[in-house]
Every structure is written in structure tokens, then in C-alpha cells.
Amino acid sequence: MIFSLFRKNNPERDAAFRQYALLTDAGRRPDFYLQGNAPDTVIGRFEVISLLMILYFRRTAEIGGKAKDIAQYVADAFFEDLDHSMRELGVGDHGVPKRLKKLAQMFYGRVDSYGAALDAGDASTLEAALKRNLHPESTDTALSMRWLADYMIAAERDLKTAPAETVLRGEARIPSAAGDAV
């Protein structure tokens, strides 16, 4: 909109948009779908971006202050992006709020379950939660989410080393599968 040109400069919002772009770009990495066994579907992408955002939110919670404000802008951008995506997929105006509410409940449920497993450093519990969420219909006992659980634990450890100033600029890099920040 033309009126957005007249808005006051908001460094936290600007940082959030940079950070959101990094998170969504990272969520497109093939490793999550090939080695991590995340389904390469719309809901699979939601799941991968959600887990990356959870890791990012855990880092911003540690920093506090303005980092929490930036995290709120990131969350807002995520749900606005979901809204737009549903509309592009043909969900009608009356169906979007209901589906968005369900996705929000799913997301915040994952915040709790993944967070508890990460807090405990329990890769097995995290793996079970990932399998339950990414493959809810699967009865395949050989389907492993261990790579993804190990990734989350290592990525959280790497994100904890990100300087607060980097997070506040919206430039927290999301570690790749090899453990380096991309």
C-alpha cells in the first residue's frame, strides 16, 4: 500500500522481516526432506519452518527485551504468510480463520512438545514428537526422525552462540545440516 511508505521506521519490524526470510529460506533446504524424512508437501514445509522458528524463538527468549519484540513480528509474519498461502490454495474467506486457528494450535503444541524434549536434551522424545507431527498417519516403524531430532539439538546449540546483536539485527543464521551457519 502507498501508506506503508509513510510509516515511521521500525528497526524491530525490519529486523523481523530479514529474520523471517532467513528462516523460510532455511526451511527450503533439501536436507530436511531427504535426510530428515520431512514430507515435501505444504504441511511438511509448515512443519519444517515451524521447528526452525521454535529454535529461533527459544534463542530470542534467552536474550529477552527487544529480541522478544522481533520474535513477535516474526510470528506475525509467519501467520500472515499462512493466511496468504491458504487463500492462494483456494481456501475461501470463511474457511481461512478456522484453518489458521488449527495451524496456530498445531504450532503452539509443537512449541511445548519440542521445547520440553530440547530442555531435557532427550533426542528420543524429540524424535517421537517429530514422527507424531510430521507423519501422523504412518505406521512405518522403520521411518526415522532421528536425523531431524539430532539436527534440532545441534542447531539449538549453535544458535545459542549467536551474538545478541546479530539476533537483534535479524541476522541469526540457521545452521545447516553440516553444523555451519548458512
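It should be emphasised that the depicted structure is a prediction, and the values quoted were computed from it without experimental measurement. (Residues numbered from 1 in each chain as written. Predicted model: local features only at pLDDT ≥ 70, side-chain atom pairs only at ≥ 80, totals over all residues. Heavy atoms only, no water.)

Caption draft 1: Highlighting the environment of Ser50. With respect to the helices, strands and loops of the structure, Ser50 is situated in helix 3 (residues 42-63). For Ser50, a relative accessible area of 0% gives the class buried. As a C-alpha pair, Ser50 and Gly95 span 45 residues in sequence and 22 Å in three-dimensional space. Setting aside anything within four residues of it in sequence, one finds Ser50 in contact with Phe78 and Phe107. (Helix = DSSP H or I, 4+ residues; strand = E, 2+ residues; numbered from the N terminus. Buried < 20%, exposed > 50% of the residue type's maximum accessible area, 1.4 Å probe, protein only. Contact = heavy atoms within 4.5 Å.)

Caption draft 2: Region of the structure containing the layout of surface pockets. There is about 540 Å³ of room inside the largest pocket. Forming the boundary of the largest pocket are 20 residues, of which Val42, Ile43, Phe46, Leu82 and Ser85 lie nearest the centre. Listed by contribution, the elements that provide at least two residues to the lining of the largest pocket are helix 1 (11-26), helix 3, helix 4 (66-88) and helix 5 (95-120). Considering only enclosed or pocket space, the second largest pocket measures out at about 260 Å³ in volume. Residue lining of the second largest pocket: 13 residues in total, with Phe57, Arg58, Ala71, Tyr108 and Val111 positioned closest to the centre. (1 Å grid on protein atoms, 1.4 Å probe; cavity = no way out; pocket = protein on both sides within 12 Å on 5 of 7 lines; lining within 4 Å. Points joined across faces, edges and corners; volume = space filled by probe spheres on them.)

Caption draft 3: Up close: the packing of helix 4 against helix 5. With their axes 10 Å apart at the nearest point, helix 4 and helix 5 run at an angle of 135° to one another. Taken together, the axes of helix 4 and helix 5 lie oblique to each other. Of the two possible hands of crossing, helix 4 and helix 5 adopt the one that is right-handed. Along its contact with helix 4, which presents Phe78, Phe79, Leu82, Asp83, Met86 and Arg87, the element helix 5 presents Val96, Arg99, Leu100, Leu103, Ala104, Phe107 and Tyr108. Class assignment for the residues of the contact of helix 4 with helix 5 results in ten nonpolar, no polar and three charged. (Axes fitted to C-alpha atoms, helices over the stretch in contact; angles between N-to-C directions. Parallel < 35°, antiparallel > 145°, perpendicular 65-115°, else oblique. Left-handed = near helix turned anticlockwise from the far one by under 90°. Nonpolar A, V, L, I, M, F, W, Y, C, P; charged D, E, K, R; others polar.)

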